[in-house]
Each structure stands twice: as C-alpha cells, then as structure tokens.
Amino acid sequence: MGKESKTTAMEIDAPKSNSNSDQINPRYSINVLQLLKSAQMQHGLRHGDYARYRRYCTARLRRLYKSLKFTHGRGKYTRRAITESIVTEVRFLHLVLYSAERAWSHAMEKRQLPDGPNARQRIYLIGRLRKAVKWADLFSRLCAAKGDSRTSLEAEAYAAYMNGNLLFEQDRTWDTALKNFISARAVYEELGKYGDLENQLLCRERVEELEPSIRYCRHKIGQSNLQTSDLLQIGEMEGPALDLFKTKLEAVMAEARSQQAASLTEFYWLGHKFPISNAKTRVAILKAQELEQDLHGPSADSLSAEKKLVIFDKIFTAYHEARSSIRSDLVSAGSADSVKDDLSGLDKAVSAVLAQRTMERNQLLVTIAKSKLTRRCEDKNEKVTRPEELVRLYDLLLQNTSDLSDLVSSGRDTKHEEVAFSENCAARNLAFRAQRCFYLAKSYSLAGKRTEAYVLYCRARSLAENALQKFQSFNNTDEMIKELKTLYGECRSNICIEHASAILEAEKAPENLSKKVSAISLSGGDKKVEKYLLEKLDAYESVVGDANVKAPPRIGVFPPAFQAIPRNPIILDLAYNYIDFPSLENRMKKDKKGFISRLWR
C-alpha cells in the first residue's frame, strides 16, 4: 500500500501525466467550512437550535442515500461501508460529512438540556461525540485520497476539531486536546490567507472561535493563569464552536460561586444586615453581584449598550432566582417569627435592589433613545426616536421611583440611610417629571400646537429648577445635576422659539388664508390631469404597469363623474284660466220628477 500510494503521488505530481491521472482518478473539491457554516446558519444554529439542525442533517442524508442508490437493503438492514473505491462522486464525501455533523449536533442537543445531562445522558452524549470523531476521521482519510489539497487540509482541520471536542468534554488528556485545537487553528490561519473575501472571513471567525478553547486547555494544563474575568470575557463570544466551551465555563463558574458563597452569610442594604441561610440564595445573589461589578467596574465604559442590556437581563434572572428561593423558605419557615422577619427583610432588600437595577436599565434605554433622537438627521436608515417614546420611558422611571419609595417607607424603624434614600427618590421623581414634561412639549411642538407646547415648556422649566435645587442641597456631584442644567437651558430656548413661532404664524395667517382662497377654482385649474386606460384605448399599455413607475395605472374614474343630460320639457298650461267654454246644459240628461216630488219642492 505504501508503494502504491507513493506511485500515485508521483503520478499526480508528474507534469506529463497530470491530465491523464485526473481523468482516471478525479480530485473532488469541497469548501467544507463554507458548506457547513451556511447549513448551520440556515437550519437552526443561528439561534442555537441543535435539534432542528440534526433533523436537517437526517433529511439531507436520506436524500443523499436515495439519490446515490446507496441504501442499506429493504427489510433486513445490511450496512454498506464507504471506502475509497466506492467514492466515485463528491456526494459520497457529503454523506460522511453530514453523518459527522448529525452525531455532533445530537451530542450538543443533549448538552443543552435545561438541567444539564444526567449520568446516563452524559454517557450517551460522549458516545455521540465518539461517533462524530469516527465519521470525521473517515472524512479526512477519504478527502486525502479523493480530494484536492485544499479539501484535504480542511478535512484534517475538521477531524482535529472533532477530536478536540471529544477530549474537551471528557475532561482528560488536556494536552492532546490542546494539540488538536492548535493544529485546526493553524490550518484555518493558512487557509484564511487565500481564496475570496468570504472564505477569508469564515476562516478568521473559526480561528477566533477556537482561541478560547485553546486558552482554556492551557489554563487546565497550567501553562497560563486565566482569571475569572478573562473567562467571562471569552464566554461573551458567539459561535457554534464555542457552545461546548460555554457549557464548560458555566460549570466552572457555578463551582467557583458555590465555593465563594460559603463566605457570603449576610446581605447589606441601607444599614440593615440580613442573614442568608439558603445556599441557592447565596449563589444567586453572588452571581448578580459579579454581574453588577461588570456594569460599574473600570471596564464598564468600554461595554456597548447592547452588552449592558444583556448583562441587566442576567442580573434580573439572578435576583428573581434569589427571590423565589427566599419565598419558598418563607413558606417552609413555619411559626418561627424571628426567621420570618429575617426572610421578609431579605426579600424586601432584594426587591429594592432589583427595582434599582430596573431603574438603571430604563435610564440606559433613555440614553439610547436620546442619542437616536439627536442624530436623526445624520442616520437616515436608522429608526428615528419620537418624543412620545421618551415620554413612555419616563413614565416607567416614575413608576420605578414610586415603587422604591414605597419599599423604603414600608419598614417599621427607619434609619438615616433610608431617609436619605427616600429623599433621593423624591428628587429623582421630580427630575423625571421635568424630563417627561419637556418631551411631551416637544411632541406638541412637532404637531404644530404652539400654545400647549409653550405652557409645557414653562412647566418643565419650573420642575427642573425645583429638582436642581434639591440635588444641589445633597452636596453631591451627580450626573443628574448636569442633565438638569442642560434641561433648564433647553427649556428657556424652546420657550422663546415657541413664542416667536406662534407670533410668526399669527402674522402670516391672513396672508396664507388669502393665498389658499385665491388658489381655489371650480375646475381644478392647475391640477395635473391623469389619463386613464379607458381614455387611451388606441395605445397599448399593460394593466400591471411599468416597473419604473411607482404608482400603478388606473383603468377608469370611480365613482364616475356626473354628466349633464337633457330632460323632458315642462309644459305649463297658462291659457286655461282665460278660456270661456260653451254651456253644455242642453246636452245633459234631464231628471224626470213626479207629482209627489213637486209637493216637496
């Protein structure tokens, strides 16, 4: 076999016999990464739906088996192996590739179960990964024998990636897994230097997806000292190749949180200390506090608004988990009053922190909406923020401040911190009211209602002035003071603008009215007359219309216009009253009366 492979390689490399060898043993070409990426993105993996992608691979394999007439018998199943001699066209290589993808997607489907795979499911998962490795190795061998050089390299990288995934999931032989991932990365780095732009981008994406797994393997071997924040930054990356890494990272972070949660015995809020006895509550609160450090830490300025919104969603999930465990403990607390008081206080504190984070998220949404409102003239393709949307957001912020003040004031003994916090909530409520009034006035101004806008701008200026005085009395350099000063100046300028605009409109009203009246005509003078299809029957024109014309052609006027038609003449008989008709008494029949009737005359 070695001699034969050498002779075939020599025959292929020989310049004279190159065309003959290609005719006898043709070399197949498959852009493996591009083929898989398009199939994955179009059939479920854009949203992480591995079950849908597995069904697609199964249907694709069924079609390939039928089209190649490579079925495994009717009735009794007799397996037919795919060897080099059987591969007579490129679709046999597709068979092996999609078999590997089906096994891999089935394993990833088991990995993404809600509560994680149990022991039995984990054994099945590793078995499916082994099957994927088996098919990937077969694909690499067949491509080395039947494919061109690029296809062979991509198949080797694919097989190395599958082997690395199996070892990564088994939590052993990290050095071998590292070698597989490094070899796959090296191949994709070289392939990314050639080909079209789309292929280069795909190779770079795969290199970026492989980098976290390489760093994690080095961390497990001990060749690098990765911190928890570094792992979290790596876990924020997206891609199907990173899903195994993310599940591994979540398990590592859960284990680290459970170890740190042992030291978290109390929860501090506005001068109160609440003991935490439940382990689930500790882990949930610790997870939320770690995410809060990402939002308020030194690296928070580098985060985009979309990433901050994702972090807020994770914080809400963690605090809701903590509240559910606290309330389940309250149900099972029984008649112990001291335990119930501690749990109620802890529930109140967690709810207050959750309300604070909700208010911060709504303020972030306000910032995003304001940025879109100010640059609406620059970005025409972007959705324009209307003032009504900001009014709705400030309604939510007003509701948040009222909920927070209700939570703080519901306690029995109020401390100094709670009083200061409630005063801050009242000042923020006033500032939010001023902002809401300002954008409500802006919406009226855009609608052309100058009087209402003028009054609302004046109201917003007075509210902003009162809120500014309250915040300045707190002796703190808050960003809210800068916002209120800016709002106060904008209110003053808009008041002047609305006043001047109203005066101009009042002066131009008679002139505009006279222009409109002079432009009125009974016949529709300058109005462009549109010809209908019924008026152009002598010229051909399609009913569908021309592609270059926006408006479709019209067949006829509907409802039809009134037309003047002659009616029957009206006859007025005026001579009747002036005609003397002859007497007709001589022609009338006379009554014959008897003797008795004469007596009664």
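This report concerns the structure included in the present document. Keep in mind it's a predicted model, so treat the numbers as computed, not measured.

1. Topic: helix H15 (residues 387-409)
Okay, so step 1: Between its first and last C-alpha atoms H15 spans 33 Å; for 23 residues at 1.5 Å apiece the expected length is 33 Å, and the two agree.
Okay, so step 2: Among all positions in H15, only Pro 387, Leu 390, Val 391, Leu 393, Tyr 394, Leu 397, Leu 398, Asn 400, Thr 401, Leu 404 and Val 408 are buried.

2. Quick notes on the packing of aromatic side chains
Okay, so step 1: According to the stated counting rule, one finds 13 aromatic pairs in the structure shown.
Okay, so step 2: Members of the aromatic cluster, each reached through a chain of ring pairs, are Tyr 394, Phe 432, Phe 438, Tyr 439 and Tyr 457.
Okay, so step 3: Here the guanidinium or amino end of Arg 206 rests over the ring plane of Tyr 161, the centre of that ring lying 5.1 Å away.

3. Observations regarding the pairing of strand E2 (residues 272-275)
Along any regular strand, the residues point their side chains to alternate faces of the sheet.
Okay, so step 1: Burial of the side chains of E2 is restricted to one face: His 272 and Phe 274 are buried, whereas none of Lys 273 and Pro 275 on the reverse face is.
Okay, so step 2: Inspection of the sheet shows strand E1 (residues 266-269) paired to E2 by four bridges, in the antiparallel sense. Following the sheet pairing, Glu 266 is matched in E2 by Pro 275.
Okay, so step 3: A loop of two residues connects E1 with E2, the two strands running antiparallel in sequence, and Leu 270 in this loop sits at a positive phi of about 50°.

4. Things to note about the nonpolar core
Okay, so step 1: Counting 67 residues, the largest nonpolar core has Phe 267, Trp 269 and Leu 484 as its most contacted members.
Okay, so step 2: Counting only elements with at least two residues in this core, the list comes to E1, helix H12 (279-296), helix H13 (305-331), helix H14 (337-374), H15, helix H16 (416-446), helix H17 (450-473) and helix H18 (479-518).
Okay, so step 3: A per-element tally of this core places H14 first, with 13 residues.
Okay, so step 4: If near-sequence neighbours (up to four positions away) are discounted, Phe 267 is found in contact with His 272, Lys 273, Phe 274, Ile 276, Ile 285, Gln 289, Leu 346, Ala 349, Val 350 and Val 353.
Okay, so step 5: Leu 33, Tyr 50, Tyr 56 and Tyr 65 belong to the second-largest nonpolar core, a separate cluster that totals 65 residues.

5. Focus on unusual backbone geometry
Okay, so step 1: In the Ramachandran plot, Lys 69 falls in the positive-phi region, its phi being about 55° despite a non-glycine side chain.
Okay, so step 2: Its place among the elements puts Lys 69 in the loop between helix H4 (50-68) and helix H5 (90-111).

6. Thoughts on the packing of helix H6 (residues 119-146) against helix H7 (residues 149-170)
Okay, so step 1: At a minimum axis separation of 8 Å, H6 and H7 run at an interaxial angle of 160°. With respect to H7, the axis of H6 lies roughly antiparallel. In this structure, H6 meets H7 at a crossing whose hand is left-handed.
Okay, so step 2: Residue composition of the contact of H6 with H7, by class: 14 nonpolar, six polar and five charged.

7. Considerations on the pattern of salt bridges
Okay, so step 1: A full pass over the atoms with the stated rule returns 18 salt bridges.
Okay, so step 2: A salt bridge links Glu 209 to Lys 37, with the shortest nitrogen-to-oxygen separation between them at 3.2 Å. Linking Glu 209 in helix H9 (residues 197-221) with Lys 37 in helix H3 (residues 32-42), this pair joins segments that are 172 residues apart in sequence.
Okay, so step 3: Lys 37 gets classed as buried once you look at its relative accessible area, which sits at 11%.
Okay, so step 4: Linking Glu 389 and Arg 386 is a salt bridge whose minimum nitrogen-to-oxygen distance equals 3.9 Å.
Okay, so step 5: Linked by salt bridges that have partners in common, Lys 37, Arg 206 and Glu 209 make up one network.

8. Examining the packing of H12 against H13
Okay, so step 1: Between H12 and H13, the shortest axis-to-axis distance is 8 Å and the interhelical angle comes to 160°. Of the possible angle classes, the one that applies to H12 and H13 is roughly antiparallel. Between H12 and H13 the crossing geometry is left-handed. Residues Lys 280, Thr 281, Ala 284, Ile 285, Lys 287, Ala 288, Leu 291, Glu 292, Asp 294 and Leu 295 of H12 form the contact with H13, whose participating residues are Lys 308, Ile 311, Phe 312, Lys 314, Ile 315, Ala 318, Tyr 319, Glu 321, Ala 322, Ser 325, Ile 326 and Asp 329.
Okay, so step 2: Tallied by class, the residues present in the contact of H12 with H13 amount to 12 nonpolar, two polar and eight charged.

9. Looking at the layout of surface pockets
Okay, so step 1: Its boundaries defined by the atoms lining it, the second largest pocket holds a volume of some 920 Å³.
Okay, so step 2: Surrounding the second largest pocket, 30 residues form its lining, Glu 360, Gln 363, Leu 364, Thr 367 and Glu 479 being those nearest its centre.
Okay, so step 3: At the level of elements, H12, H13, H14, H15, H16 and H18 are the ones that each hand at least two residues to the lining of the second largest pocket.
Okay, so step 4: In terms of residue count, the dominant contributor to the lining of the second largest pocket is H14 (nine residues).
Okay, so step 5: Residues that form the lining of the second largest pocket fall into these classes: 15 nonpolar, seven polar and eight charged.

The rules behind these values
- Residues numbered from 1 in each chain as written.
- Predicted model: local features only at pLDDT ≥ 70, side-chain atom pairs only at ≥ 80, totals over all residues.
- Heavy atoms only, no water.
- Helix = DSSP H or I, 4+ residues; strand = E, 2+ residues; numbered from the N terminus.
- Expected span 1.5 Å × (residues − 1).
- Buried < 20%, exposed > 50% of the residue type's maximum accessible area, 1.4 Å probe, protein only.
- Phe/Tyr/Trp six-rings, centres within 6.5 Å; stacked < 30°, edge-to-face > 60°.
- Lys NZ or Arg CZ within 6 Å of the ring centre and 35° of its normal.
- Pairing = 2+ DSSP bridges.
- Core = buried A, V, L, I, M, F, W, Y, C linked by side-chain atoms within 4.5 Å.
- Contact = heavy atoms within 4.5 Å.
- Axes fitted to C-alpha atoms, helices over the stretch in contact; angles between N-to-C directions.
- Parallel < 35°, antiparallel > 145°, perpendicular 65-115°, else oblique.
- Left-handed = near helix turned anticlockwise from the far one by under 90°.
- Nonpolar A, V, L, I, M, F, W, Y, C, P; charged D, E, K, R; others polar.
- Salt bridge = Lys/Arg side-chain N within 4 Å of Asp/Glu carboxyl O.
- 1 Å grid on protein atoms, 1.4 Å probe; cavity = no way out; pocket = protein on both sides within 12 Å on 5 of 7 lines; lining within 4 Å.
- Points joined across faces, edges and corners; volume = space filled by probe spheres on them.

All we've got here are geometric facts, nothing functional implied.
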